[in-house]
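# Structure assessment
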Amino acid sequence: MISSEDMVRAALKAASGAGADVPIGAVVFAPDGTVLAEACNARETLGDPTAHAEVLALRTAASRFGDGWRLDGCTLAVTLEPCTMCAGALVLARVSRLVFGAWEPKTGAVSSLWDVVRDRRLNHRPEVQGGVLEQECADLLERFFRTQR
């Protein structure tokens, strides 16, 4: 089975295609560890505020994986702690496991600011592993924002 570190490395690779967008990458893995979908942020490219890496990867994975929109047994790996929109989307998609790299204290919705994915009021709560290759993921974002200033 693929390790959490290798999953986040795949997300880091996906982030490299972000161009002018914030370099965040997401990869959805099937229960057997094969890649179902990968994406990077494309808000600027598509002019779409919902074009976060996680949402784009979830959309593609749902179209490729057996039960329509349900991603039972799948893992979402992402370079940055998901925001509220992305956390809600992965809960609604029934993703079984979330693995992410850097924490996001300003908008993170997996424990930094909110904890959407473990809210007991919701009918699905994925397993979560954060801080995987945290420094590598944080460094990628820091380099990007340094060039923006």
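Structure first, text after, so check above.
Note that residues are indexed from 1 along each chain, following the sequence as it is written. Reporting of local features is limited, given that this is a predicted model, to residues whose pLDDT is at least 70; pairs of side-chain atoms are given and counted only at 80 or more, and all residues count toward the totals for whole chains, interfaces and linings. Only hydrogens and water are removed before side-chain values are computed, so all heavy atoms of the structure are retained for them.

## Let's talk about the packing of aromatic side chains
Stacked, tilted and edge-to-face are the three classes assigned to paired rings of Phe, Tyr and Trp, where Trp is represented by its six-membered ring and a pair needs centres within 6.5 Å; plane angles under 30 degrees give stacked, over 60 edge-to-face, the rest tilted. Taken as a whole and judged by the stated rule, the model has two aromatic pairs. Taken together, a centroid distance of 5.1 Å and an interplanar angle of 80° make the contact between F144 and F145 edge-to-face. F145 gets classed as partly exposed once you look at its relative accessible area, which sits at 34%. The buried label applies to any residue whose accessible area, calculated with a 1.4 Å probe on protein chains only, is under 20% of its type's maximum; exposed applies above 50%, and partly exposed to all values in between.

## Brief notes about the packing of helix α1 (residues 4–15) against helix α5 (residues 134–148)
In contact at an axis separation of 10 Å, α1 and α5 are set at 10° when each is read in the N-to-C sense. When the interaxial angle is binned, α1 and α5 end up roughly parallel. Together, V8, L12 and A15 of α1 and E136, C137 and L140 of α5 make up the contact between the two elements. Under the scheme applied here, ten amino acids are nonpolar (Ala, Val, Leu, Ile, Met, Phe, Trp, Tyr, Cys and Pro), four are charged (Asp, Glu, Lys and Arg), and all others, including Gly, are polar. Class assignment for the residues of the contact of α1 with α5 results in five nonpolar, no polar and one charged. Note on geometry: axes are C-alpha line fits, over the in-contact stretch for helices, and angles between N-to-C directions span 0 to 180 degrees. Numbering goes from the N terminus for both helices and strands, where a helix is a DSSP run of H or I of at least four residues and a strand is a run of E of at least two. Angular relationships are summarised with four words: roughly parallel below 35 degrees, roughly antiparallel beyond 145, roughly perpendicular across 65 to 115, and oblique for the angles in between. In this description, contact between two residues means that some pair of their heavy atoms is separated by no more than 4.5 Å.

## Observations concerning the pairing of strand β4 (residues 97–102)
The two faces of the sheet receive side chains in turn, since in a regular strand these alternate between them. Most of β4 sits inside the fold, with six of its six residues counted as buried. With helix α4 (residues 84–92) bridging strand β3 (residues 75–80) and the parallel β4, this β-α-β connection has right-handed handedness. Bridging between β4 and strand β5 (residues 127–129) involves three bridges; their strand directions are parallel. Residue pairing across strands places R97 opposite E127, the latter belonging to β5. The definition of a right-handed crossover adopted here requires that, viewed with the strands pointing away, the path from the first strand over the helix to the second runs clockwise. DSSP calls a pair of strands paired once it identifies at least 2 bridges connecting them.

## Digging into the pattern of salt bridges
When a carboxyl oxygen of Asp or Glu lies within 4 Å of a side-chain nitrogen of Lys or Arg, that pair is called a salt bridge. Applying the stated criterion across every chain, the model contains five salt bridges. A salt bridge links D6 to R9; its shortest N-O distance comes to 3.0 Å. Placement of the pair is D6 and R9 together in helix α1, with a separation of three residues, close to one helical turn.

## Side note on helix α3 (residues 53–64)
Helix span is expected to be 1.5 Å times the residue number reduced by one. Taking 1.5 Å of rise per residue, the twelve residues of α3 would be expected to cover 16 Å, and the 17 Å separating its terminal C-alpha atoms lies within 8% of that figure. Where α3 is concerned, the buried positions are A53, E54, V55, L56, A57, L58, A61 and A62. Those residues of α3 that are buried are in contact with β1 (25–29), β2 (35–40), β3 and α4.

## So, the side chain of D119
Within the fold, D119 resides in the loop between β4 and β5. Using a relative accessible area of 19% as the deciding quantity, one classes D119 as buried. Each polar contact in these results corresponds to two N or O atoms within 3.5 Å; when the atoms are within protein, one needs to be able to donate a hydrogen and the other to accept it, and residues that are neighboring in sequence are counted only if both atoms are side-chain atoms. Among the polar contacts made by the side chain of D119, one reaches the side chain of R121 at a distance of 2.6 Å.

## Considerations on the environment of T75
The topology assignment puts T75 in strand β3. According to the relative accessible area criterion, T75 is buried, its value standing at 8%. Expressed as a C-alpha distance, the spacing of T75 and D119, which sit 44 residues apart in the sequence, is 19 Å. Each residue touching T75, except ones within four places of it in the same chain, is listed here: M7, V27, V28, F29, V95, R97 and V99.

## Let's talk about the environment of T84
Looking at the secondary structure, you find T84 in helix α4. Residue T84 is classed as partly exposed on the basis of its relative accessible area, which comes to 38%. Once residues within four sequence positions are removed from consideration, T84 is found in contact with T107, A109, W114 and V116.

## Notes on the side chain of E104
Assignment of secondary structure puts E104 in the loop between β4 and β5. Charged-residue counts in this description rest on Lys and Arg as positive and Asp and Glu as negative, His and the chain ends being excluded. An unpaired buried charge is present at E104: no salt bridge exists, and K106, the closest side chain of opposite charge, is 6.4 Å distant. In contact with E104, not counting residues within four places along its chain, are L80, E81 and S112.

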